[in-house]
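Structural overview
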Amino acid sequence: MTRACIVGWAHTPFGKLEEPDVEGLIARVSGEALAHAGVEEAQVDGIYVGSMNTGFSKQGFEGSLVAVNRPGLAHAPATHLENACATGSAALYAALDFVDSGRGRVALVIGAEKMTAKTVAETGDILLGASYRKEEADIEGGFAGVFGRIAAGYFQRYGDRSEELARIAAKNHRNGVGNPYAQLRKDLGFEFCNRVSDKNPYVAAPLRRTDCSLISDGAAALVVADAETAETLERAIGFRARAHVNDILPLSRRDPTEFKAARMAWDKARAQAGIGNDDLSFVETHDCFTIAELIEYEAMGLAAPGEGFRVVREGLAEKGGRLPINPSGGLKAKGHPVGATGVSMHVMACLQLMGEAGEMQVPGAELAGIFNMGGAAVANYVSILERRR
């Protein structure tokens, strides 16, 4: 059982930011998160930094960068973690394990990525590091091409669901208008998302530009504390459950349209929490591509395999639906600075549970579900959060 709580956070806007590198992004959120938590640097027992990098920067060793701008943290043990697009959740879970083990009472978690300094082609190649290069390196369209193949396989098996993907994109962009951190705060509308055009071309057919998340810079941070310390602070968001399940990396060795390990992670987390989907107030899920969100509906158990379209058609996932999904706008509108994404998703959930989400707020939010994945459903993390203070 996880007794550690989230007691503070910070979040930059996502997009093309002025900071020249990941060091500047880390500096931007580290002190702000500690101040928000009401924690002094001297109280920090461990630092966990998530940054995928793998070519975005020649500067590695990201865990050591925190103290460069906050010398008061120079002697706190610091560790860098990477787990593809689930890097942020990997950093958070390592911090939770650290605190729950009793090795420390307070940990600082930072997720950050500087992506826009590279060309689109360079970025696409870097992101292919989250696939199995021995078999998938030559897929046209880079990582978008990987998910384009997944979408094509899904359509071949279950029918063309391009319209439903457009409705998912439109939903998330509509929700993103209310997110002050979002990279694209514009309601694009269903018609625009559903129509192939000069402004919305195919990126990796059948995926259009509006089916793909944005290339982004950004950072987010969380402060984690043990239960006793959390009782002395202003806020505490606890984990009813958390689960991490992996799957085999090569797509050739599994059914890429199933997201089997994602389903296993959801099943494990719900069993641990003693809840069903109907108990959740909302979900932040990993919509790196709209086809991912569609399949994730099925992995959650909201629909049978091949019937995720029903979730879209029935409006279940809309902000006013039975289970709002991505009220923040998701990665689709908010942006996807890969190392920061998992941390960001937890910040978005914390804001909801504290009733501080502004225009994003889901009324009466009490129990949050979060799904963050690395690669094509390879590293799968599910958190179920609740407010404790």
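Computed from a prediction, not measured in an experiment: that's the story for all the values here. Throughout, a residue's number is its position along its own chain's written sequence, starting from 1. Per-residue local features of the predicted model are confined to residues with pLDDT of at least 70, and side-chain atom pairs are confined, for both listing and counting, to 80 or more; whole-chain, interface and lining totals are unaffected and use all residues. The basis for the side-chain values is all heavy atoms of the structure; hydrogens and waters are excluded.

Some thoughts on the packing of aromatic side chains
Here is the rule we go by: Two aromatic rings from Phe, Tyr or Trp, using only the six-membered ring of Trp, form a pair when their centres are within 6.5 Å; if the ring planes differ by under 30 degrees the pair is stacked, by over 60 it is edge-to-face, and anything between is tilted. In this description a helix means any DSSP run of H or I spanning at least four residues, a strand means any run of E spanning at least two, and both kinds are numbered starting from the N terminus. Three exposure classes are used, based on accessible area relative to the maximum for each residue type with a 1.4 Å probe and protein chains only: buried under 20%, partly exposed in between, and exposed over 50%.
Considering all chains together, one arrives at five aromatic pairs under this definition. When the ring of tyrosine 48 is compared with that of phenylalanine 98, the centres are 5.7 Å apart and the planes differ by 55°; the resulting orientation is tilted. Highlighted residues: tyrosine 48 in strand E2 (residues 46-50) and phenylalanine 98 in helix H3 (residues 87-100), separated in sequence by 50 residues. The same class applies to tyrosine 48 and to phenylalanine 98, which are both buried. Ring geometry for phenylalanine 143 and phenylalanine 147: centres 5.5 Å apart, planes at 65°, overall edge-to-face. Residue phenylalanine 143 and its partner phenylalanine 147 are located together in helix H6 (residues 142-158), separated by four residues, close to a single helical turn.

Some thoughts on the side chain of arginine 235
Inclusion rule: Any pair of nitrogen or oxygen atoms within 3.5 Å is treated as a polar contact; in protein, a donor-acceptor pairing is required on top of that, and neighbouring residues in sequence qualify only through side-chain atoms on both sides. What makes two residues a contact is simply this: any of their non-hydrogen atoms within 4.5 Å.
In this fold, arginine 235 is placed in the loop between helix H9 (227-230) and strand E8 (237-246). One polar contact links arginine 235 to glutamate 234, side chain to side chain, over a distance of 3.3 Å. Leaving out residues up to four positions away in the same chain, arginine 235 has contacts with Ile6, Val7, Trp9, His36, Ala37, Ala230, Met354 and Arg389.

Details of the pairing of E2
This is how the line gets drawn: Strand pairing is defined by DSSP finding a minimum of two bridges between the two strands.
Across the five residues of E2, five count as buried, placing the element largely inside the fold. As judged from the five bridges shared by E2 and strand E4 (residues 106-113), these two strands associate in the parallel manner. When the bridges of E4 are listed, glycine 50 appears paired with glycine 111. Relative to strand E3 (residues 78-81), E2 is paired through four bridges, and the arrangement is parallel.

Observations concerning the nonpolar core
Burial of nonpolar side chains together is a common tendency in soluble globular proteins. Quick note on the threshold: Residues grouped as a nonpolar core are buried Ala, Val, Leu, Ile, Met, Phe, Trp, Tyr and Cys residues, joined through side-chain atoms within 4.5 Å.
Counting 104 residues, the largest nonpolar core has Trp9, Phe147, Phe259, Leu280, Phe289, Ile291 and Tyr297 as the members making the most contacts within it. Each residue touching tryptophan 9, except ones within four places of it in the same chain, is listed here: Glu32, Ala33, His36, Ala221, Leu222, Arg235, Ile237, Val347, Cys350, Leu351, Met354 and Glu356.

Concerning the sheet that holds strand E1 (residues 5-11)
Each strand in a sheet pairs with another by means of backbone hydrogen bonds, the pair being arranged parallel or else antiparallel. Note the cut-off: Every axis in this analysis is a line fitted to C-alpha atoms, fitted for helices over the stretch in contact. Angles between the N-to-C directions lie between 0 and 180 degrees.
Ordered by their spatial adjacency, nine strands build an open sheet running E3-E2-E4-E7-E1-E8-E11-E10-E9, and the pairing between neighbours is mixed. Both outer strands of the open sheet, E3 and strand E9 (282-285), are each paired with one neighbouring strand and no more. Strand after strand, the sheet turns through a mean of 25° between neighbouring axes, direction not considered. The sheet contact formed by E8 and strand E11 (residues 379-387) spans nine bridges and is antiparallel. Bridging from a neighbouring strand, valine 245 pairs with asparagine 380 of E11.

Side note on the UniProt feature "domain: Thiolase C-terminal" (unreviewed entry) in the protein
Applied cut-off: UniProt positions are given in the numbering used here, feature names are shortened, and annotations may be inferred rather than shown by experiment.
In the numbering used here, UniProt assigns the feature "domain: Thiolase C-terminal" (unreviewed entry) to residues 252-387. When the span residues 252-387 is considered, its composition is 38% helix and 15% strand, and the gap between its end C-alpha atoms is 41 Å.

Focus: the UniProt feature "domain: Thiolase N-terminal" (unreviewed entry) in the protein
In this numbering, the UniProt entry assigns the feature "domain: Thiolase N-terminal" (unreviewed entry) to residues 5-184. Taken end to end, residues 5-184 is 43% helix and 13% strand, and its first and last C-alpha atoms sit 31 Å apart.

Considerations on the packing of helix H10 (residues 260-273) against helix H11 (residues 290-300)
For clarity, the threshold we go by: Reported orientations rely on four angle classes, namely roughly parallel under 35 degrees, roughly antiparallel over 145, roughly perpendicular from 65 to 115, and oblique for the rest. For any helix crossing, the convention is left-handed if the near helix is rotated counterclockwise from the far helix by under a right angle, and right-handed if that rotation is clockwise. When residues are sorted by character, Ala, Val, Leu, Ile, Met, Phe, Trp, Tyr, Cys and Pro go into the nonpolar class, Asp, Glu, Lys and Arg into the charged class, and all the rest, Gly among them, into the polar class.
One way to put it is that H10 packs onto H11 with a least axis distance of 8 Å and a crossing angle of 45°. When the axis of H10 is compared with that of H11, the two are oblique. Pair H10 / H11 crosses with right-handed handedness. Contact residues: H10 offers Ala262, Arg263, Trp266 and Arg270, while H11 offers Glu298, Ala299 and Met300. Partitioning the contact of H10 with H11 into residue classes produces four nonpolar, no polar and three charged.

A closer look at unusual backbone geometry
Between alanine 205 and the following residue, proline 206, the backbone shows a cis peptide bond with an omega angle of 10°. Of note, proline 206 is situated in the loop between strand E5 (202-204) and strand E6 (207-208). Despite not being glycine, phenylalanine 259 has its phi angle at roughly 55°, a positive value. Since its relative accessible area comes to 1%, phenylalanine 259 is described here as buried. Located in the positive-phi region is alanine 377, a residue other than glycine, with phi close to 60°. By the secondary structure assignment, alanine 377 is in the loop between strand E10 (367-374) and E11. Taking relative accessible area as the criterion, alanine 377 reaches 0% and is therefore assigned buried.

Thoughts on the pattern of salt bridges
Condition: Any carboxyl oxygen of Asp or Glu within 4 Å of a side-chain nitrogen of Lys or Arg constitutes a salt bridge here.
Summed over the entire model, instances satisfying the criterion amount to 22 salt bridges. In this structure, arginine 133 engages aspartate 125 in a salt bridge whose closest nitrogen and oxygen atoms are separated by 3.4 Å. For arginine 310, the salt bridge is made with glutamate 307, and the minimal N-O distance between the two is 3.2 Å.

Some points on helix H4 (residues 120-127)
Cut-off, in case you're wondering: By definition, the arc is the one covered by directions from the helix axis to the C-beta atoms.
Buried residues of H4: Thr123, Ile126 and Leu127, and no others. The arc that holds every buried residue of H4, seen down its axis, measures 95°, which confines them to one face. Looking at the buried positions of H4, the neighbouring elements they touch are helix H5 (133-136), H6 and helix H14 (338-353).

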